[in-house]
Amino acid sequence: MRELTSVEMTEVSGGCCYNPCGYHPVAPSCGPSASVIAAYAGYLAGQYNVQADIFNGASCSTIQSAICNMFADVQTGYTMGQSMTVKQATTLLNNVESSIRGAVTTNCWGCVTSMNLIDFPPSASNGGLG
């Protein structure tokens, strides 16, 4: 672990809210950056895959690997987001959510009956970026 630089803190905070000397209110246009949104998309994908492995009775080593992959997905998302607009990153997030919905099967009572793993970033055939 290491301390984040001021540049990284500014990026993580949405690009306009971080002040190393303390918080100061800023314009209402301050919001999440594309990198943060894309990193969150990676987190959701990774977190879902961990849950799917648990649901499917995977071995401890497989679940441990999925946890490590979750952190890699967050980093991948963050890196991808650096070259995206907020709109593109939001599309990525929506595609991940769509992939998750498509990977879960429920019965007529709404109980989950299967959970398939998903890819991150989503493939074009699975609600991906195209």
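Residues numbered from 1 in each chain as written. Predicted model: local features only at pLDDT ≥ 70, side-chain atom pairs only at ≥ 80, totals over all residues. Heavy atoms only, no water.

Bringing the overall build of the protein into the picture now. A count of helices and strands for the protein gives 4 helices and 2 strands. Listed by position from the N terminus, the elements making up the protein come as α-α-α-α-β-β. Residues counted as buried form 31% of the 130 residues belonging to the protein. Taking all contacts inside the protein whose residues are at least 6 apart in sequence as the whole, residues at least 24 apart take part in 65%. When the accessible surface of the protein is totalled, it reaches about 8,000 Å², and 59% of it is carbon and sulfur. (Helix = DSSP H or I, 4+ residues; strand = E, 2+ residues; numbered from the N terminus. Buried < 20%, exposed > 50% of the residue type's maximum accessible area, 1.4 Å probe, protein only. Contact = heavy atoms within 4.5 Å. Areas by Shrake-Rupley, 256 points an atom, 1.4 Å probe, with all protein chains shown as cover.)

Right, let's get into the nonpolar core. Side chains of nonpolar character tend, in soluble globular proteins, to be buried together. Core analysis: the biggest nonpolar cluster contains 19 residues, and Y48, M84, L92, V96 and F120 have the highest contact counts within it. Per element, the largest residue contribution to this core is 8 residues, and it comes from helix α2 (residues 34-55). (Core = buried A, V, L, I, M, F, W, Y, C linked by side-chain atoms within 4.5 Å.)

The analysis is restricted to geometry; functional conclusions fall outside its scope.
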